[in-house]
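Letter by letter, the chains look like this.
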Amino acid sequence: MIMRGLLVAVLSMTCVWSAQAADPIVVKFSHVVAPNTPKGMGAERFKALAEQYSNGAVRVEVYPNSTLYKDKEEMEALQLGAVEIIAPSLAKFGPLGLRVFEAFDLPYIFDSYAELHKVTGGSLGARMLESLEPRGITGLAFWDNGFKSLSANTPIRTPDDLRGKKMRIQSSKVLDAQMRALGALPQVTAFDEVFAALKAGVVDGTENPHSNFYTQRMHEVQSHMLLTNHGYLGYAVITNKKFWDGLPGAVRDALARAMREATDYTNQIAKAENDKALAAIEAAGTTEVRVPTAEERLAFKKALVPVHRAMAPRIGKDLIEAIYDETGFDPDDL
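This section reports on the structure supplied with the text. What you see is a predicted model, and the numbers here were worked out from it, not measured in a lab. (Residues numbered from 1 in each chain as written. Predicted model: local features only at pLDDT ≥ 70, side-chain atom pairs only at ≥ 80, totals over all residues. Heavy atoms only, no water.)

What follows covers the pairing of strand β7 (residues 185-188). Here strand β6 (residues 166-169) pairs with β7 via four bridges, running parallel. Bridge pairing in β7 places I169 opposite V188. Traced from β6 through helix α6 (residues 173-181) to β7, the parallel crossover comes out right-handed. (Pairing = 2+ DSSP bridges. Helix = DSSP H or I, 4+ residues; strand = E, 2+ residues; numbered from the N terminus. Right-handed = clockwise from strand over helix to strand, strands pointing away.)

Spelled out as structure tokens, the structure:
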């Protein structure tokens, strides 16, 4: 009995030593924004929690600012298994044929984070993430960045002030329609190229949450901003399905727990980080920031909400109406 006990103890110690000695599973997390944005901070929080909860069985390598893959490359890299986790903006899923995510690009469809989270935190959002699986992608979470403002190098007070302006957008049919509804000329530009394009005058203006606007130094090359809050910019944190399904169960559970907590953290800080960035933009003094009057905001809303109806055949009328039901938005009540 004593010998059996010693043998069990030795075997247990050997298993522990082997587990500790084994190389950790490397998880590359690539994204295109600065580390001090909500997404950048969320990625770092996930790294810390994943390594903690897996007891060192996982090592997360975070690659911010397009240092590993650029905006246009990361989705393909994920599907090929060259990177394990990315957090692309929701506009990036349209080109994959997953048009349901384009609903998030519809202007003025969300008036607050509370309305937004009824969708992203509910069954409707869960079904959207599940729709990624046939593409070899597992959806892990929705992360907020924030609501967008419009900027240009001339004053913006009415929709007509953007007529004829070359406005940078992500590759999105909805955002293209949005800018055309304002009489602007949409210009698809990779995120890491926006500052140079604005500086060179290749594009006249853009739309961004304040944290992106500030960390990418756009305030240095844009003299006017209107706080329209006309659209939402968020991300889906996604992983390669084959990689995720192939993880040991305990490791996958640890990463899922880390992702849940990192998601709560990211979505809690998003508004605060954007408010902080807005204060920094105003303090820099290079961009005149205006809050629209109630009449100005209504003018933009009336100009842009018809995009919902125009995009319904593409996105799905039933989906758009399901979002209306969740948020209480009525496009006819303007």
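Continuing now.
Glancing now at the nonpolar core. Within the largest apolar cluster, 54 residues are counted, with the highest numbers of intra-cluster contacts made by F93, F101, F104, F110 and I238. Contact partners of F93, with chain neighbours within four places excluded, come to M75, P88, L98, F101, L132, A236 and I238. Membership of the second largest hydrophobic core comes to 42 residues, among which are Y53, V62, L198 and M218. (Core = buried A, V, L, I, M, F, W, Y, C linked by side-chain atoms within 4.5 Å. Buried < 20%, exposed > 50% of the residue type's maximum accessible area, 1.4 Å probe, protein only. Contact = heavy atoms within 4.5 Å.)

Bringing the environment of H219 into the picture now. Of note, H219 is situated in the loop between α8 (210-215) and β9 (224-226). C-alpha of H219 to C-alpha of Y108: the two residues are 111 residues apart in sequence and 24 Å apart in space.

Pairing in this open sheet of four strands is mixed, and the strands run β8-β5-β9-β11 from one edge to the other. Because the sheet does not close on itself, it has two edges, and the strands there are β8 (206-208) and β11 (288-290). Averaged over all pairs of adjacent strands, the angle between strand axes in this sheet comes to 25°, irrespective of strand direction. Relative to β8, strand β5 (residues 149-152) runs antiparallel, the two sharing three bridges. From the neighbouring strand, S151 faces β8, where its bridge partner is T206. (Axes fitted to C-alpha atoms, helices over the stretch in contact; angles between N-to-C directions.)

Turning to the sheet that holds strand β10 (residues 232-240), a few remarks are in order. If you trace the five strands from one edge of the open sheet to the other, you get β2-β1-β3-β10-β4, paired in mixed fashion. The open sheet is flanked by β2 (58-63) and β4 (137-147), the only strands paired with a single partner. Bridging between strand β3 (residues 85-86) and β10 involves two bridges; their strand directions are antiparallel. Within the sheet, the bridge partner assigned to I85 lies in β10 and is T239. In this fold helix α2 (residues 38-53) packs onto β1 (25-30), β2, β3, β4 and β10, with an angle of close to 165° to the strand it touches most, β2.

Moving on: the packing of aromatic side chains. Applying the stated rule across the entire model yields 11 aromatic pairs. Look at Y324 and F329: their rings are 5.4 Å apart centre to centre, the planes differ by 55°, and that puts the pair in the tilted class. An identical accessibility class is assigned to Y324 and F329; each is buried. One Lys or Arg, K39, reaches over the ring of Y235 and ends 3.7 Å from the middle of that ring. A cation over an aromatic ring shows up here: R257 above the ring of Y53, its NZ or CZ 3.6 Å from the ring centre. (Phe/Tyr/Trp six-rings, centres within 6.5 Å; stacked < 30°, edge-to-face > 60°. Lys NZ or Arg CZ within 6 Å of the ring centre and 35° of its normal.)

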